Amino acid sequence: MAGNISAPGQARWSSKAAFVLAATGSAVGLGNLWRFPTEAGSNGGGAFVLLYILCVVLIAMPLLLAESLIGRHGQRSTIASAAYLARQSGASPAWSVLAVVGLIANTAILTFYCVVAGWVVYFIGTSAADVVSAVSAGTPMAGAYAGDSVETIQQLMPDLFANPVLLIGLQLAFVAVTVWIVARGVKGGIEAAATWLMPAFFFLLIGITVYAAITGDFAAALTYLFTPDFSRALQPGVLSSALGQAFFSLSLGGGAMIAYGAYASRDTNLGQTSGMIAFADTSVAIIAGLAIFPIVFSVGMEPNAGPTLMFQTLPAAFHSMPGGAIVGLLFFVLAFFAALTSSVSLLEISVGWVTEKFGASRVKASIGIGVLVFLVGLVSALSFNVLADQRPLAFVQGFETATWFDAIDGVTGRLLLPLSGLVTAIFIGWVADRKLVDAETGLKGGGLAAWRFLIRFLCPLAVTAILIIGLFPQLLG
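Conventions adopted
- Residues numbered from 1 in each chain as written.
- Predicted model: local features only at pLDDT ≥ 70, side-chain atom pairs only at ≥ 80, totals over all residues.
- Heavy atoms only, no water.
- Core = buried A, V, L, I, M, F, W, Y, C linked by side-chain atoms within 4.5 Å.
- Buried < 20%, exposed > 50% of the residue type's maximum accessible area, 1.4 Å probe, protein only.
- Contact = heavy atoms within 4.5 Å.
- 1 Å grid on protein atoms, 1.4 Å probe; cavity = no way out; pocket = protein on both sides within 12 Å on 5 of 7 lines; lining within 4 Å.
- Points joined across faces, edges and corners; volume = space filled by probe spheres on them.
- Helix = DSSP H or I, 4+ residues; strand = E, 2+ residues; numbered from the N terminus.
- Nonpolar A, V, L, I, M, F, W, Y, C, P; charged D, E, K, R; others polar.
- Patch = residues over 30% accessible without salt bridge, like charges linked within 9 Å, V, L, I, M, F, W, Y side chains within 5 Å.
- Areas by Shrake-Rupley, 256 points an atom, 1.4 Å probe, with all protein chains shown as cover.
- Salt bridge = Lys/Arg side-chain N within 4 Å of Asp/Glu carboxyl O.

### A closer look at the nonpolar core
Reasoning step 1: Counting residues in hydrophobic clusters, the biggest one holds 158 residues, and the most contacted among them are Trp13, Trp119, Phe201, Phe311 and Ile428.
Reasoning step 2: The residues touching Phe201, leaving out its near neighbours within four places in the chain, are Val28, Leu33, Val284, Leu334, Phe337 and Ala338.

Now the structure itself:
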């Protein structure tokens, strides 16, 4: 019956502000601090940023609203909410496959996300020890790792990778913190964490950006990020990367917004909140670029360092900066906050489904899934040492050299998330009852017409492009 709302749907955010903070925390994560600068640096800066913003506005925001309204209408777990809307639309509940794929994808992402978050914890530890050393020596404003060479600093990450016991311990610690927050419930755990962590996150981010503007080459960063090379913008690879980053950054395709939308009250305008979440997430990504690239440029390092930018290039750059020891510590604390708010949302998707499907308590579900996430994540943690020579998908074109870590990342990002997003766009745009959907959006007039056009036509085409280009990059030559 429509009125028989199951356990996950009974919880509610205490306010619209709490929903926006929690959903923004879900979207804002290592994708903003680690992946966005990496993608921008690898794809020409300004051209990538321009395309990224366009992709957020024209593709990501419509999908964000679509996922949120599925959750708010169903007020159940992600899979049950999708099936509920399908039945009310006179369609097959099999359309809930969009949430099934998303649940599998996000749980898989969490397994290696906790490994990367463990790296952040490691650098918090080394940075904290560095600050204590600087203060003890009477030089609190010293550069990061003042007594070490740049080569020694850049060796910190390879040394971590060579220590499987430490890697696993850090991974376990992060999983445990995530489980503890989710087990405490929607208001006492997830909302409370977002209410404290997100304001602290924004405060630290602005502070580090001001520091970068004063001590770094801010003019070079502005030019790099906001002067597009239109010849690069026309390259399919740059467009594909921008589409993929918009998808990854806003946690689309995995069901996080369906899960959080289920806890939104009926008087929440989802059209407005979706815009606020997308704006906040995009702003964080760009501000992160303005925090990182001035520091990189000021010491003459290259912006296209790739995935090592955050964990090797930045610590070495802080070495030459005044107050680099303290700022380096604050930066990795910032990254920890971002990682934690996202990992909480990833775990909540599975926990909500298990508590509803099997009647398990939230505590038992959180611990059980946490153990599963940790065990599966071991293959990702060991991909950098014990299992470094294994290539689980060597028989698949494009994955011949992928380790376990790369394979899980690649399959979820290049296949499962876009596939879930594609099914969502088709379901909401073409299958779900139009009156039910329109009533949930909170949009009217031209805004509703524009969203309808984007979700029906542009989103399916764009996400199909992500799928094809992501799986068959050789098509780009």
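More follows now that the structure is in view.
### Brief notes about empty space enclosed by the protein
Reasoning step 1: For the structure shown, the criterion picks out 5 cavities of 30 Å³ or more.
Reasoning step 2: In this structure, the largest cavity encloses a volume near 190 Å³.
Reasoning step 3: Surrounding the largest cavity, 18 residues form its lining, Ser26, Tyr113, Phe248, Ser251 and Leu346 being those nearest its centre.
Reasoning step 4: Mapped by element, the contributors of at least two residues to the lining of the largest cavity are helix H2 (16-27), helix H3 (30-42), helix H6 (97-136), helix H13 (236-249) and helix H17 (324-358).
Reasoning step 5: For the lining of the largest cavity, a count of residues per class yields 10 nonpolar, 8 polar and no charged.
Reasoning step 6: For the second largest cavity, the calculated volume is near 60 Å³.
Reasoning step 7: As for the second largest cavity, its lining consists of Ala22, Ser26, Ile190, Ala193, Ala194, Tyr260, Leu340, Thr341 and Val344.
Reasoning step 8: Listing elements by their share of the lining of the second largest cavity, those giving two or more residues are H2, helix H10 (186-215) and H17.
Reasoning step 9: Class assignment of the residues belonging to the lining of the second largest cavity gives a composition of 7 nonpolar, 2 polar and no charged.

### Things to note about a nonpolar patch on the surface
Reasoning step 1: A surface patch of nonpolar side chains, about 490 Å² in accessible area, is lined by Leu50, Ile53, Leu54, Val57, Leu58 and Phe230.
Reasoning step 2: Top element by residues in the nonpolar patch is helix H4 (residues 46-74). It accounts for 5 residues.
Reasoning step 3: In this structure, Phe230 sits in helix H12 (residues 230-233).

### Some points on the pattern of salt bridges
Reasoning step 1: Using the criterion set out here, one finds 5 salt bridges in the structure.
Reasoning step 2: A salt bridge links Arg266 to Glu440, with the nearest nitrogen and oxygen atoms 2.9 Å apart. Taken together, the residues span a long stretch of sequence, with Arg266 in the loop between helix H14 (256-261) and helix H15 (270-298) and Glu440 in helix H20 (residues 434-441) at a distance of 174 residues.
Reasoning step 3: Note on Arg266: relative accessible area 47%, which makes it partly exposed.
Reasoning step 4: Assessed through its relative accessible area of 8%, Glu440 is described here as buried.
Reasoning step 5: Between Arg434 and Asp438 there is a salt bridge, with its nearest N and O atoms 3.7 Å apart. In this pair, Arg434 and Asp438 are both assigned in helix H20, 4 residues apart and thus about one turn of the helix distant.
Reasoning step 6: With relative accessibility at 49%, the residue Arg434 sits in the partly exposed group.
Reasoning step 7: One network of salt bridges, in which partners are shared, links Arg72, Arg266 and Glu440.

Such coordinate-based values are descriptive only and should not be taken to indicate function.
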